[in-house]
Amino acid sequence: MPKRRRLPRLRLFLLAVLLGTVGALTFTAWPFLTYPATTLTISRPAPLPPATSGPALAGLAEADITPPIGIPKFGYSAWARPSDGFRTRLKARAFYLHSPGQTPMALVTLDLGAGSRVLHHRVAELIAAHTDVPAHGLSLLVTHTHSGPGQFLDSDFYNVFGSNLPGFDPTLTEFLSRQIADAVIRAYRERRTARFATGQTEVYGFTRNRSLSAWARNFSLDERQLTDDMTYQAVNPTMTMLRVDLAGDDGAFYPAGALTAFSIHGTAIPPFTQPWHADVWHWLAQDVAEAIGARYETPFTPLHGAFQATHADNSPAWIEGQRGDREARRIGGALAGHALRLFERLGTELDDQLVTGIGSRELDLLTLAPDSRFGLCERAIVGAATAGAAKGDEVFPISWLPFIRPGQPKTLFNDNCQGAKHWMLSKLQLLLPAERFPHDALIQVVRINDLVLVNLPWEVTLESGNRIRKAVREQLPAGRWRVEISSLANGFFGYATTPEEYSLQHYEGGHTLYGPHTLDMLTAQSALLAGDLFTRGSIDDLPAQWRFSLLSRDFWPVTDAPLAARTLLSAPRFTEADGLREAYWSFRFRGEHPAHLPLHEPLLRVEQQDADGHWSLLQDDQDSALQLLRLEQDTDQAEYEVRWYNPPHTPVTQPRRFQVLGHAPLSSAVF
């Protein structure tokens, strides 16, 4: 091509690249330049005085934390979609524990993608006037479902980039805080004399290591030595449980519930799906609770709270091509079976002894003293590999681009603190102030008899967890201790990989924000806090109050429209199972704007009529059988579909109907 013809085309190409870069930067920076900031000041009022004598006490309670339709979802970032309804409810499950003379504590499991210091501190503020649980005695533990809400975190970085839409939502955050606080307050008020047992079992076959070649670097294994079978072995198989039995009014003890840690990502439900969903954790929690109620004569409504352990490189072992509700149910149900067997075994080991302790410490990673950093980088930098997504969630062509593609560490100019990490947007990332990234970390060490939980706001990989456990154990008195890590407790700081894993720059290494020595700092600080706890007793290294300034946007639905009347749009119809689709009955109706539809309250039922014409409950919406979907919406009202999945295969001899509860209950035609 003649030179005079090549030059205009080259200029056009360069102009297109320049405009694309400017557009991408403007899109990225827009929230930081235009969004208003919401300032929150959270205090630490003194809690009620604890009991100084008497037996060990426990209380269990549950609250629904399912937000309204339309709020962005956290975990899959840009590949997520705002909620259009629910398939399973999202729950908060609170466990109150207190032995006189020790610090009262509340451990709460949450069907959320991550913890948050804003949530933790606000819940602590709300419960102070109603319970004896101090702020440092509260732990928020999460399932890390990728089908829950975002926009409640304590850093602008993750409120902007962790979800499909950017910004901190104050209304959502207050809703979550009050629902969680309600569960803690009820657990405290319903406390009773209790017995306890802790135990562990190993579960293989339902998780796999999604970054096997990075894990192999810990042991200098050649990639040619790796096999498919090793992906199922390089996992944390340990399921750790605390069983709680409560005294009934007759003085006898009955099963009440359990608190269980396991290592599995909440990603069996894939990106681009819209309903709220607790993922595999729904069945792990719900099936165990229902089985306890069915197998034991107990006056209590059993509660099973499950939460993450060292899951960062451990994914659900879904069958290729079948990822979705069916696989989530299969895996979650199988894990529930193992948990139930562990629960039953612990029934022979119950004891009324309860020895507890909790140490809570906040660390500002930007101002840590040099001798406390252990090589930690001076500020957070996100790696290009983060945009490539984790194995199983790659998006063409982004995940295969140079520098973004997993396993392409920086080999030149890598002598800085971030080492092998390719920086996303290179030096332009420095335009985002270090304070916009997460930097105030709340870490905890919790003792419950022989169980020691290390609660960290990082996603901790398998081998990283092994190293933290070893360091913590070395600080404990002689004895047989069960040590487990709780990932993403109370906040979110991305990942914590080993230096060896970091050096390969898979997704997990690219998302280790503070560099290759993040684990060195976490290991040292966890061991130090564990040593302090067992030497000095309760550790309360938290400030007197907290102040947050977060870039905000309102996602909580609001409307000036009055409550619209509900009208039927279709009769119930049956849809056969097909491929990944489960069989279901469904019907459609038109009704109120989503702002008037509280998804955290009972809403859907299937009823059955007996020979005398009386209707009774056949199925409610507290498990995964009933789903609500918003189909269309205008300024005044919306159209919805209700589905009943996997109905019983027994012959139907009695009439059935759907019912939508609320301000104006609506019943479908009989089917």
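All of these numbers come straight from a predicted model, not from anything done at the bench.

*Asks:* Report on the packing of aromatic side chains, specifying residues and quantitative values.
*Replies:* For any pair of aromatic rings, geometry is given as the distance between the ring centres together with the angle between the planes. All chains considered together, the criterion is met by 23 aromatic pairs. Between Tyr584 and Tyr645 the ring centres are 5.3 Å apart and the planes differ by 55°, which places this aromatic pair in the tilted class. Taken together, the residues Tyr584 in strand 25 (residues 584–592) and Tyr645 in strand 29 (residues 637–645) connect sequence positions 61 residues apart. The buried category is assigned to Tyr584, whose relative accessible area is 7%. What makes Tyr645 buried here is its relative accessible area of 8%. Ring plane angle 65° and centroid distance 6.3 Å describe the contact between Trp644 and Phe671, whose orientation is recorded as edge-to-face. You can see Trp644 sitting in strand 29 and its partner Phe671 sitting in the segment after strand 31 (666–667), a full 27 residues away along the chain.

*Asks:* Hey, could you go over the side chain of Ser213 for me, with residue numbers and the actual values?
*Replies:* Structurally, the position occupied by Ser213 is in helix 5 (residues 212–216). Judged by its relative accessible area of 14%, Ser213 is buried. Residues in contact with Ser213, not counting those within four places in the same chain, are Glu223, Leu226, Leu504 and His506.

*Asks:* Can you explain the sheet that holds strand 30 (residues 656–660)? Please cite residues and give values.
*Replies:* Strand pairing in a sheet takes place through backbone hydrogen bonds and is either antiparallel or parallel in direction. Taking strand neighbours across the sheet as the criterion, the 4 strands line up as 27-26-30-31 in an open arrangement whose pairing is antiparallel. The open sheet has two free edges, formed respectively by strand 27 (615–620) and strand 31, since each of these has just one partner strand. Note: strand 26 (residues 604–609) against strand 30, 5 bridges, orientation antiparallel. Note on strand 30: the bridge partner recorded for Gln608 is Arg656.

*Asks:* An account of a nonpolar patch on the surface is needed here, citing residue identities and associated values.
*Replies:* On the surface, a cluster of nonpolar side chains totalling about 300 Å² of accessible area is made up of Leu425, Leu428 and Leu431. Relative to the assigned elements, Leu425 resides in the loop between strand 15 (356–364) and strand 16 (440–448). Owing to a relative accessible area of 41%, Leu425 belongs among the partly exposed residues under this scheme.

Procedures and definitions
Numbering of residues starts from 1 in each chain and follows the order in which that chain's sequence is written. It should be noted that, the model being predicted, local features are given only for residues of pLDDT at least 70 and side-chain atom pairs only at 80 or more, the latter also being counted only at that level, while totals for whole chains, interfaces and linings use all residues. Calculation of side-chain values draws on the structure's entire complement of heavy atoms; hydrogens and water are dropped beforehand. Classification of ring pairs uses Phe, Tyr and Trp, with its six-membered ring standing for Trp, and accepts pairs whose centres are within 6.5 Å; under 30 degrees between planes counts as stacked, over 60 as edge-to-face, and the remaining range as tilted. Going along the chain from the N terminus, every DSSP run of H or I of four or more residues is numbered as a helix, and every run of E of two or more is numbered as a strand. Each residue gets one of three labels from its accessible area relative to the maximum for its type: buried under 20%, exposed over 50%, partly exposed in between, using a 1.4 Å probe on protein chains only. Residue contacts are defined here by distance: any two heavy atoms, one from each residue, within 4.5 Å place the two residues in contact. The criterion for strand pairing is that DSSP finds at least two bridges linking the strands in question. Candidate patch residues must exceed 30% relative accessible area and have no salt bridge, after which like charges are joined if within 9 Å and Val, Leu, Ile, Met, Phe, Trp or Tyr side chains if within 5 Å. Computed with the Shrake-Rupley method and a 1.4 Å probe, the accessible areas treat only the protein chains shown as cover for residues. For salt bridges, the criterion is a side-chain nitrogen of Lys or Arg within 4 Å of an Asp or Glu carboxyl oxygen.

Keep in mind these numbers describe shape, not what the thing actually does.
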